[in-house]
Amino acid sequence: MSELLQRDLSYVADIMLRCRYLVALVGAGMSVESGVPPFRGPGGVWTRLGEPSMRAYDQFLADPKAWWERRVQGTDSVPEFREALERAIPNPGHYALVELEEMGLLKYVITQNIDNLHRAAGSKSVAEIHGNRFKLRCMECSARFPREDIPIITLPPFCPHCGGIVKGDGVMFGEPIPPDVLETCQEQTYLCDGMLLLGTSGVVYPAAALPRIAKERGAILAEINTDDTALTGLCDISLRGATGLLLPLLVQEIKSRI
Ligand code: APR
(Lines give C-alpha, C1' and ligand atoms only; values in the text may rest on other atoms or scores of the structure.)
Protein backbone atom coordinates (compact mmCIF):
# COMPACT_ATOMS: atom_id res chain seq x y z
CA MET A 1 0.00 0.00 0.00
CA SER A 2 1.37 3.43 -0.92
CA GLU A 3 2.47 5.75 1.88
CA LEU A 4 -0.02 8.35 0.60
CA LEU A 5 -2.92 5.91 0.82
CA GLN A 6 -1.83 4.74 4.26
CA ARG A 7 -1.67 8.37 5.41
CA ASP A 8 -5.13 9.13 3.99
CA LEU A 9 -6.69 5.99 5.50
CA SER A 10 -5.14 6.91 8.83
CA TYR A 11 -6.62 10.42 8.60
CA VAL A 12 -10.12 9.12 7.75
CA ALA A 13 -9.89 6.55 10.55
CA ASP A 14 -8.99 9.38 12.95
CA ILE A 15 -12.04 11.36 11.77
CA MET A 16 -14.36 8.38 12.19
CA LEU A 17 -13.08 7.53 15.67
CA ARG A 18 -13.53 11.15 16.76
CA CYS A 19 -17.10 11.41 15.44
CA ARG A 20 -19.94 11.16 17.92
CA TYR A 21 -22.54 10.38 15.23
CA LEU A 22 -21.26 9.18 11.83
CA VAL A 23 -23.60 8.49 8.93
CA ALA A 24 -22.97 7.42 5.33
CA LEU A 25 -24.53 8.70 2.12
CA VAL A 26 -24.22 5.93 -0.46
CA GLY A 27 -24.51 6.04 -4.24
CA ALA A 28 -24.42 3.67 -7.19
CA GLY A 29 -20.62 3.44 -7.10
CA MET A 30 -20.96 1.29 -3.98
CA SER A 31 -22.69 -1.45 -6.01
CA VAL A 32 -20.35 -1.37 -9.03
CA GLU A 33 -18.25 -4.14 -7.47
CA SER A 34 -21.45 -6.17 -7.16
CA GLY A 35 -21.78 -6.01 -10.95
CA VAL A 36 -24.35 -3.20 -11.04
CA PRO A 37 -23.37 -0.40 -13.46
CA PRO A 38 -23.44 3.17 -12.17
CA PHE A 39 -25.65 5.81 -13.78
CA ARG A 40 -22.99 8.45 -14.49
CA GLY A 41 -19.27 8.46 -15.11
CA PRO A 42 -17.43 5.68 -16.97
CA GLY A 43 -19.80 2.83 -17.92
CA GLY A 44 -22.82 4.69 -16.56
CA VAL A 45 -26.29 3.75 -17.80
CA TRP A 46 -27.33 7.40 -18.23
CA THR A 47 -23.87 8.19 -19.64
CA ARG A 48 -24.77 5.84 -22.51
CA LEU A 49 -28.53 6.41 -22.80
CA GLY A 50 -28.88 10.01 -21.61
CA GLU A 51 -30.58 11.17 -18.41
CA PRO A 52 -34.19 9.94 -18.26
CA SER A 53 -37.12 12.33 -18.49
CA MET A 54 -38.16 14.09 -15.28
CA ARG A 55 -41.75 13.42 -16.43
CA ALA A 56 -41.67 9.70 -15.63
CA TYR A 57 -43.86 10.17 -12.55
CA ASP A 58 -46.37 12.40 -14.34
CA GLN A 59 -46.64 9.76 -17.06
CA PHE A 60 -47.27 7.11 -14.40
CA LEU A 61 -49.99 9.25 -12.79
CA ALA A 62 -51.62 9.78 -16.17
CA ASP A 63 -51.87 6.05 -16.83
CA PRO A 64 -50.83 3.70 -13.98
CA LYS A 65 -52.31 0.73 -15.85
CA ALA A 66 -49.99 1.25 -18.82
CA TRP A 67 -46.99 1.52 -16.47
CA TRP A 68 -47.95 -1.77 -14.81
CA GLU A 69 -48.42 -3.44 -18.20
CA ARG A 70 -44.87 -2.45 -19.18
CA ARG A 71 -43.59 -3.68 -15.81
CA VAL A 72 -45.35 -7.06 -16.18
CA GLN A 73 -43.99 -7.37 -19.73
CA GLY A 74 -40.50 -6.44 -18.50
CA THR A 75 -40.25 -3.45 -20.85
CA ASP A 76 -40.23 -0.78 -18.12
CA SER A 77 -36.49 -0.65 -17.49
CA VAL A 78 -33.06 -1.08 -19.11
CA PRO A 79 -32.70 -4.90 -19.54
CA GLU A 80 -28.99 -5.24 -18.68
CA PHE A 81 -29.49 -3.02 -15.63
CA ARG A 82 -32.44 -5.09 -14.40
CA GLU A 83 -30.54 -8.36 -14.97
CA ALA A 84 -27.46 -7.01 -13.12
CA LEU A 85 -29.70 -6.07 -10.17
CA GLU A 86 -31.23 -9.55 -10.11
CA ARG A 87 -27.76 -11.15 -9.99
CA ALA A 88 -26.13 -8.69 -7.56
CA ILE A 89 -24.87 -9.79 -4.16
CA PRO A 90 -23.20 -7.60 -1.50
CA ASN A 91 -19.51 -6.82 -2.01
CA PRO A 92 -16.75 -6.24 0.63
CA GLY A 93 -17.74 -2.57 0.80
CA HIS A 94 -21.24 -3.46 2.01
CA TYR A 95 -19.86 -5.86 4.60
CA ALA A 96 -17.38 -3.23 5.79
CA LEU A 97 -20.34 -0.91 6.57
CA VAL A 98 -22.00 -3.73 8.52
CA GLU A 99 -18.81 -4.11 10.59
CA LEU A 100 -18.67 -0.36 11.25
CA GLU A 101 -22.32 -0.45 12.37
CA GLU A 102 -21.65 -3.44 14.65
CA MET A 103 -18.61 -1.62 16.11
CA GLY A 104 -20.97 1.25 16.95
CA LEU A 105 -19.02 3.64 14.70
CA LEU A 106 -21.56 3.99 11.88
CA LYS A 107 -25.03 5.03 13.07
CA TYR A 108 -26.99 5.10 9.79
CA VAL A 109 -26.72 4.39 6.08
CA ILE A 110 -28.65 6.69 3.75
CA THR A 111 -28.57 4.93 0.40
CA GLN A 112 -29.68 6.14 -3.01
CA ASN A 113 -29.48 2.58 -4.26
CA ILE A 114 -32.62 0.48 -4.70
CA ASP A 115 -30.73 -2.83 -4.84
CA ASN A 116 -31.30 -3.94 -1.21
CA LEU A 117 -27.60 -4.88 -0.91
CA HIS A 118 -27.06 -3.11 2.44
CA ARG A 119 -29.89 -5.07 4.04
CA ALA A 120 -28.73 -8.28 2.33
CA ALA A 121 -25.25 -7.74 3.83
CA GLY A 122 -26.76 -7.23 7.31
CA SER A 123 -26.95 -3.46 7.81
CA LYS A 124 -29.80 -2.66 10.20
CA SER A 125 -30.08 1.16 10.18
CA VAL A 126 -30.73 1.92 6.52
CA ALA A 127 -32.83 4.64 4.87
CA GLU A 128 -33.53 3.96 1.19
CA ILE A 129 -34.17 7.48 -0.10
CA HIS A 130 -34.96 6.21 -3.61
CA GLY A 131 -36.84 3.14 -2.45
CA ASN A 132 -36.24 -0.58 -2.71
CA ARG A 133 -36.79 -2.55 -5.94
CA PHE A 134 -38.07 -5.58 -4.02
CA LYS A 135 -40.95 -3.62 -2.49
CA LEU A 136 -44.24 -2.09 -3.61
CA ARG A 137 -45.68 1.08 -2.05
CA CYS A 138 -49.20 2.46 -1.73
CA MET A 139 -49.45 5.99 -3.12
CA GLU A 140 -52.14 6.94 -0.59
CA CYS A 141 -51.00 5.56 2.77
CA SER A 142 -47.32 4.84 1.87
CA ALA A 143 -47.67 1.27 3.19
CA ARG A 144 -44.87 -0.90 1.74
CA PHE A 145 -45.13 -4.59 0.85
CA PRO A 146 -42.69 -7.23 -0.38
CA ARG A 147 -43.42 -7.26 -4.12
CA GLU A 148 -44.52 -10.92 -4.00
CA ASP A 149 -47.22 -10.13 -1.39
CA ILE A 150 -49.49 -8.21 -3.75
CA PRO A 151 -51.16 -10.42 -6.36
CA ILE A 152 -50.83 -8.77 -9.77
CA ILE A 153 -54.30 -9.57 -11.02
CA THR A 154 -55.92 -6.21 -11.64
CA LEU A 155 -53.66 -3.51 -13.13
CA PRO A 156 -52.89 -1.33 -11.35
CA PRO A 157 -53.07 -3.32 -8.08
CA PHE A 158 -54.74 -1.69 -5.10
CA CYS A 159 -53.57 -1.36 -1.50
CA PRO A 160 -55.10 -4.02 0.79
CA HIS A 161 -55.15 -1.42 3.62
CA CYS A 162 -56.71 1.65 2.03
CA GLY A 163 -57.56 0.80 -1.58
CA GLY A 164 -55.01 3.28 -2.95
CA ILE A 165 -53.05 2.58 -6.13
CA VAL A 166 -49.87 0.56 -5.53
CA LYS A 167 -46.65 1.24 -7.45
CA GLY A 168 -43.06 0.05 -7.26
CA ASP A 169 -41.29 1.44 -4.17
CA GLY A 170 -38.51 2.79 -6.42
CA VAL A 171 -38.82 6.59 -6.63
CA MET A 172 -39.39 7.70 -10.20
CA PHE A 173 -37.83 10.79 -11.75
CA GLY A 174 -40.14 13.67 -10.86
CA GLU A 175 -41.68 11.75 -7.93
CA PRO A 176 -41.48 13.38 -4.49
CA ILE A 177 -39.43 11.34 -1.99
CA PRO A 178 -41.93 9.58 0.33
CA PRO A 179 -42.27 11.86 3.42
CA ASP A 180 -41.48 9.13 5.95
CA VAL A 181 -38.10 8.22 4.47
CA LEU A 182 -37.22 11.85 3.67
CA GLU A 183 -37.82 12.75 7.32
CA THR A 184 -35.48 9.97 8.45
CA CYS A 185 -32.75 11.13 6.04
CA GLN A 186 -33.07 14.75 7.19
CA GLU A 187 -33.09 13.71 10.86
CA GLN A 188 -29.93 11.60 10.42
CA THR A 189 -28.26 14.49 8.59
CA TYR A 190 -29.07 16.89 11.44
CA LEU A 191 -27.80 14.39 14.01
CA CYS A 192 -24.47 13.67 12.33
CA ASP A 193 -21.12 15.28 13.05
CA GLY A 194 -19.47 13.19 10.31
CA MET A 195 -20.69 11.95 6.92
CA LEU A 196 -19.01 9.40 4.63
CA LEU A 197 -19.82 10.02 0.95
CA LEU A 198 -19.48 6.65 -0.75
CA GLY A 199 -19.70 6.23 -4.52
CA THR A 200 -22.07 9.08 -5.30
CA SER A 201 -21.72 11.75 -7.98
CA GLY A 202 -23.66 14.13 -5.73
CA VAL A 203 -25.84 15.60 -8.49
CA VAL A 204 -29.32 14.26 -7.71
CA TYR A 205 -31.46 16.12 -5.18
CA PRO A 206 -32.63 16.02 -2.46
CA ALA A 207 -29.97 13.39 -1.61
CA ALA A 208 -27.18 15.67 -2.86
CA ALA A 209 -28.36 18.40 -0.46
CA LEU A 210 -27.72 16.24 2.61
CA PRO A 211 -23.89 16.58 2.61
CA ARG A 212 -24.28 20.34 2.12
CA ILE A 213 -26.63 20.59 5.09
CA ALA A 214 -24.30 18.41 7.19
CA LYS A 215 -21.33 20.63 6.26
CA GLU A 216 -23.24 23.81 7.13
CA ARG A 217 -23.98 22.29 10.54
CA GLY A 218 -20.28 21.67 11.16
CA ALA A 219 -20.01 18.00 10.17
CA ILE A 220 -16.76 16.58 8.74
CA LEU A 221 -17.16 15.07 5.24
CA ALA A 222 -14.99 12.23 3.94
CA GLU A 223 -15.49 10.95 0.38
CA ILE A 224 -14.52 7.64 -1.21
CA ASN A 225 -14.88 7.72 -4.97
CA THR A 226 -12.95 6.58 -8.01
CA ASP A 227 -13.29 10.11 -9.46
CA ASP A 228 -13.78 13.74 -8.48
CA THR A 229 -17.43 14.63 -7.90
CA ALA A 230 -19.69 17.63 -7.32
CA LEU A 231 -19.13 17.03 -3.60
CA THR A 232 -15.31 16.72 -3.60
CA GLY A 233 -14.80 20.44 -3.01
CA LEU A 234 -16.94 20.25 0.15
CA CYS A 235 -14.99 17.36 1.65
CA ASP A 236 -12.34 17.48 4.37
CA ILE A 237 -10.72 14.53 2.61
CA SER A 238 -11.44 12.58 -0.56
CA LEU A 239 -9.96 9.11 -1.08
CA ARG A 240 -9.58 8.08 -4.73
CA GLY A 241 -10.43 4.41 -5.13
CA ALA A 242 -13.11 1.74 -5.09
CA THR A 243 -15.33 1.47 -2.03
CA GLY A 244 -15.07 -2.34 -2.17
CA LEU A 245 -11.31 -2.03 -1.68
CA LEU A 246 -10.93 1.05 0.55
CA LEU A 247 -13.75 0.47 3.05
CA PRO A 248 -12.35 -2.91 4.21
CA LEU A 249 -8.88 -1.29 4.51
CA LEU A 250 -10.49 1.46 6.59
CA VAL A 251 -12.08 -1.12 8.89
CA GLN A 252 -8.67 -2.83 9.26
CA GLU A 253 -7.05 0.52 10.10
CA ILE A 254 -9.69 1.25 12.74
CA LYS A 255 -9.46 -2.24 14.24
CA SER A 256 -5.69 -1.81 14.56
CA ARG A 257 -6.36 1.13 16.92
CA ILE A 258 -9.02 -0.24 19.24
N1 APR B 1 -16.13 2.82 -5.87
C2 APR B 1 -16.40 4.12 -5.54
N3 APR B 1 -16.99 5.00 -6.40
C4 APR B 1 -17.31 4.55 -7.62
C5 APR B 1 -17.04 3.21 -8.04
C6 APR B 1 -16.43 2.35 -7.11
N7 APR B 1 -16.13 1.08 -7.41
N8 APR B 1 -17.48 3.08 -9.33
C9 APR B 1 -18.02 4.27 -9.68
N10 APR B 1 -17.91 5.14 -8.67
C11 APR B 1 -18.40 6.51 -8.58
C12 APR B 1 -18.47 7.31 -9.85
O13 APR B 1 -17.23 8.02 -10.04
C14 APR B 1 -19.61 8.29 -9.55
O15 APR B 1 -19.12 9.45 -8.92
O16 APR B 1 -19.74 6.40 -8.14
C17 APR B 1 -20.49 7.52 -8.58
C18 APR B 1 -21.78 7.02 -9.18
O19 APR B 1 -22.54 8.16 -9.53
P20 APR B 1 -24.01 7.96 -10.14
O21 APR B 1 -23.99 6.87 -11.13
O22 APR B 1 -24.52 9.32 -10.52
O23 APR B 1 -24.85 7.39 -8.90
P24 APR B 1 -25.61 8.19 -7.77
O25 APR B 1 -24.80 9.35 -7.29
O26 APR B 1 -26.03 7.20 -6.78
O27 APR B 1 -26.91 8.71 -8.56
C28 APR B 1 -27.94 9.25 -7.80
O29 APR B 1 -29.39 9.22 -9.75
O30 APR B 1 -30.26 8.13 -11.60
C31 APR B 1 -30.48 8.48 -10.28
O32 APR B 1 -31.89 7.30 -8.84
C33 APR B 1 -30.63 7.24 -9.45
O34 APR B 1 -29.99 6.89 -7.14
C35 APR B 1 -29.54 7.36 -8.40
C36 APR B 1 -29.27 8.84 -8.39
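Below or above, wherever it landed, is the structure these notes cover. None of the values given here were measured: they were computed from a predicted structure. (Residues numbered from 1 in each chain as written. Predicted model: local features only at pLDDT ≥ 70, side-chain atom pairs only at ≥ 80, totals over all residues. Heavy atoms only, no water.)

A short note on the sheet that holds strand β5 (residues 144-146)
Then, number 1: Read from one edge of the open sheet, 3 strands run β5-β4-β6, paired in antiparallel fashion. Across the chains shown, the open sheet's two edge strands, defined by having one partner strand only, are β5 and β6 (166-168). Here the average twist between neighbouring strands, direction ignored, is 35°.
Then, number 2: When strand β4 (residues 135-138) meets β5, the two strands line up antiparallel, connected through 3 bridges. Bridge assignment links Lys135 to a residue of β5, and that residue is Pro146.
Then, number 3: Across the sheet, helix α4 (residues 64-73) lies against β4 and β6, angled at about 45° from β6, the strand it touches most. (Pairing = 2+ DSSP bridges. Helix = DSSP H or I, 4+ residues; strand = E, 2+ residues; numbered from the N terminus. Axes fitted to C-alpha atoms, helices over the stretch in contact; angles between N-to-C directions. Contact = heavy atoms within 4.5 Å.)

As for the packing of aromatic side chains
Then, number 1: Counted according to the given criterion, the structure contains 6 aromatic pairs.
Then, number 2: Ring geometry for Trp46 and Phe173: centres 6.2 Å apart, planes at 75°, overall edge-to-face. Placement of the pair is Trp46 in helix α2 (residues 45-49) and Phe173 in the loop between β6 and α8 (179-191), with a sequence separation of 127 residues.
Then, number 3: Given the relative accessible area of 25%, Phe173 is considered partly exposed.
Then, number 4: When the ring of Trp67 is compared with that of Trp68, the centres are 5.3 Å apart and the planes differ by 90°; the resulting orientation is edge-to-face.
Then, number 5: For Trp67, a relative accessible area of 12% puts it in the buried group.
Then, number 6: Look at Trp68 and you get buried, because its relative accessible area is 1%.
Then, number 7: Three or more aromatic residues joined by ring pairs make a cluster, and in this case those are Phe39, Trp46, Phe81 and Phe173. (Phe/Tyr/Trp six-rings, centres within 6.5 Å; stacked < 30°, edge-to-face > 60°. Buried < 20%, exposed > 50% of the residue type's maximum accessible area, 1.4 Å probe, protein only.)

Some thoughts on unusual backbone geometry
Then, number 1: Going from Leu155 to Pro156, the amide bond is cis rather than trans, its omega being -5°.
Then, number 2: When you line up the elements, Pro156 lands in the loop between β5 and β6.
Then, number 3: Note the cis peptide between Tyr205 and Pro206, where omega equals 5°.
Then, number 4: Looking at the secondary structure, you find Pro206 in the loop between β7 (194-198) and α9 (209-216).
Then, number 5: A positive phi angle is found at Ser142, which is not glycine, with a value near 65°.
Then, number 6: The topology assignment puts Ser142 in the loop between β4 and β5.
Then, number 7: Residue classification places Ser142 among the partly exposed positions, given a relative accessible area of 22%.

Examining the nonpolar core
Then, number 1: Ranked by internal contacts, the top residues of the largest apolar core, which has 29 residues, are Met16, Leu97, Leu100, Leu198, Leu247 and Leu250.
Then, number 2: Non-local contacts of Leu97, meaning those with residues more than four positions away in its chain, are made with Val26, Met30, Leu106, Val109, His118, Ser123, Leu198 and Leu247.
Then, number 3: Core analysis: the second largest hydrophobic core is formed by 21 residues, Ala127, Val171, Leu197 and Leu210 among them. (Core = buried A, V, L, I, M, F, W, Y, C linked by side-chain atoms within 4.5 Å.)

Brief notes about the sheet that holds strand β1 (residues 22-26)
Then, number 1: The 6 strands are arranged β3-β2-β1-β7-β8-β9 in an open sheet whose pairing can be described as parallel. Each edge of the open sheet is held by one strand with a lone partner, namely β3 (126-128) and β9 (237-240). Averaged over all pairs of adjacent strands, the angle between strand axes in this sheet comes to 15°, irrespective of strand direction.
Then, number 2: Along the sheet face, helix α6 (residues 92-102) touches β1, β2 (106-111) and β7 and points at about 145° away from the line of β2.
Then, number 3: Against the sheet, α9 makes contact with β1, β2, β7 and β8 (220-225), and its axis sits at roughly 155° relative to β7, the strand it touches most.

A closer look at the pairing of β9
Then, number 1: Burial along β9 is one-sided: the residues Ile237 and Leu239 are buried and none of Ser238 and Arg240 is.
Then, number 2: As judged from the 4 bridges shared by β8 and β9, these two strands associate in the parallel manner. Residue pairing for β9: Asn225 is matched across the bridge by Arg240.

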